[in-house]
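Spelled out from the first residue to the last, the chains are:
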Amino acid sequence: MIGVRRIGALAMQFVAIVYLTVVVSLLFWSHAPSLIGWQPRVVLSGSMMPTIAPGDVTVIAPARVGPATLPPGRVVLVRDASKASGYYLHRLVSYEANGVVITKGDANQNNDSDTVAPESVRGELRLVVPMVGRPVIWMQEHDYLALLLVALGTWASLSIVLGGYQRSYAAA
């Protein structure tokens, strides 16, 4: 008969395995696309809320700018030296007759006041991996408690999983 302590230990192992599986999966999906030339970027602002939140990792693929190859409605990465990160991610709203691009953040009521030269569009959004970049946001906000808690949770999960593996291996 399995005791209450054993059930508790198995439950903790299960939770630790699920947590680590989710973390590894999110890290994989946010970085594996770089093998085919796509680039991961951590979202730093809320201008694309609720579609894309600060701390999400977006995976950007190269794009050919033009109404036929990059239609309005797509989310694009734009090079902008005035931004702290040098880039911003907004939705392509339309093209003007001279080929410049009009963009808008989903959380903004109006189109961006500056038009975008086609050569400033660096790529288009292909994948959003939620929350993987939160530690970057926490670092910027000096939220060291959140960083510490995630680090301790990860360490504890690894200890539980590896410790359970070592105990079961030693018992065999």
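Description of the structure in this document. The shown structure was predicted, so the numbers you read here are calculated from the model rather than taken from an experiment.

Conventions adopted
- Residues numbered from 1 in each chain as written.
- Predicted model: local features only at pLDDT ≥ 70, side-chain atom pairs only at ≥ 80, totals over all residues.
- Heavy atoms only, no water.
- Helix = DSSP H or I, 4+ residues; strand = E, 2+ residues; numbered from the N terminus.
- Contact = heavy atoms within 4.5 Å.
- Areas by Shrake-Rupley, 256 points an atom, 1.4 Å probe, with all protein chains shown as cover.
- Lys, Arg positive; Asp, Glu negative; His and termini not counted.
- Charge placed at Lys NZ, Arg CZ, Asp CG, Glu CD.
- Core = buried A, V, L, I, M, F, W, Y, C linked by side-chain atoms within 4.5 Å.
- Buried < 20%, exposed > 50% of the residue type's maximum accessible area, 1.4 Å probe, protein only.
- Pairing = 2+ DSSP bridges.
- Axes fitted to C-alpha atoms, helices over the stretch in contact; angles between N-to-C directions.
- Phe/Tyr/Trp six-rings, centres within 6.5 Å; stacked < 30°, edge-to-face > 60°.
- Lys NZ or Arg CZ within 6 Å of the ring centre and 35° of its normal.
- Salt bridge = Lys/Arg side-chain N within 4 Å of Asp/Glu carboxyl O.
- Patch = residues over 30% accessible without salt bridge, like charges linked within 9 Å, V, L, I, M, F, W, Y side chains within 5 Å.

Further remarks concern the overall build of the chain. Across its full length, the chain carries three helices and six strands. Principal axes of the C-alpha set define a box for the chain whose edges measure 75 × 35 × 25 Å. If you take every contact in the chain between residues at least 6 apart in sequence, the share linking residues at least 24 apart comes to 55%. Put simply, the chain shows about 10,900 Å² of open surface, and 64% of that area lies on carbon and sulfur atoms. Each charge class in the chain was averaged separately, 13 positive and 10 negative side chains, and the resulting centres sit 13 Å apart.

Turning to the nonpolar core, a few remarks are in order. For soluble globular proteins, nonpolar side chains are generally found buried alongside one another. Ranked by size, the top nonpolar core spans nine residues in total: Leu 70, Val 76, Val 78, Tyr 88, Leu 92, Tyr 95, Val 101, Val 116 and Val 121. Contributions of two or more residues to this core are made by β3 (75-79) and β4 (87-95). Counting residues per element, this core draws most heavily on β4, which supplies three residues. Core analysis: the second largest hydrophobic core is formed by eight residues, Met 48, Val 75, Leu 77 and Leu 89 among them.

The strand order β1-β2-β6-β3-β4-β5 describes an open sheet built from six strands, whose pairing is antiparallel. For this open sheet the edge positions go to β1 (39-42) and β5 (101-104), each flanked by a neighbour on one side alone. When the angles between neighbouring strand axes are averaged without regard to direction, this sheet yields 50 degrees.

Here the focus is the pairing of strand β2 (residues 57-61). With respect to burial, β2 is a largely interior element, five of its five residues being buried. Where β1 lies against β2, four bridges are found, and the strand directions are antiparallel. The residue bridging Arg 41 from the neighbouring strand is Thr 58, located in β2. Here five bridges tie β2 to strand β6 (residues 121-129), and the two strands are oriented antiparallel to one another. Paired with Thr 58 across the bridge in β6 is Val 128.

Right, let's talk about the packing of aromatic side chains for a bit. For the structure on display, the rule yields one aromatic pair. A ring pair is formed by Phe 28 and Trp 29, whose centres lie 5.1 Å apart and whose planes are at 85 degrees; its orientation type is edge-to-face. The ring of Tyr 87 has Arg 41 lying over it, and the distance from NZ or CZ to the ring centre is 4.0 Å.

What the rule picks out here adds up to three salt bridges. Between Arg 74 and Glu 124 there is a salt bridge; the shortest N-O distance is 3.0 Å. Note that Arg 74 is positioned in the loop between β2 and β3 and Glu 124 in strand β6, a separation of 50 residues in sequence. Across the pair Arg 91 and Asp 106 runs a salt bridge whose closest N-O atoms are separated by 2.8 Å. Of the two residues, Arg 91 is situated in strand β4 and Asp 106 in the loop between β5 and β6; the sequence distance between them amounts to 15 residues. Overall, Asp 106 belongs to the partly exposed group, its relative accessible area being 23%. Taken together, the shared-partner salt bridges in this structure form one network comprising Arg 74, Glu 124 and Arg 126.

The subject of this paragraph is a nonpolar patch on the surface. A contiguous nonpolar patch, built from Leu 145, Leu 148, Leu 149, Leu 152 and Trp 155 and spanning about 560 Å² of accessible area, is present on the exposed surface. Tracing the backbone shows Trp 155 in helix α3 (residues 144-171). Exposure remark for Trp 155: the relative accessible area of 57% places this residue in the exposed category.

A word on the side chain of Thr 58. Its location among the elements puts Thr 58 in strand β2. Note on Thr 58: relative accessible area 1%, which makes it buried. Residue contacts for Thr 58: discarding those within four places in its chain leaves Gln 39, Pro 40, Arg 41, Val 43, Ile 52, Leu 89, Leu 125, Leu 127 and Val 128.

Note that every value here comes from positions in space, so none of it alone points to a role or purpose.
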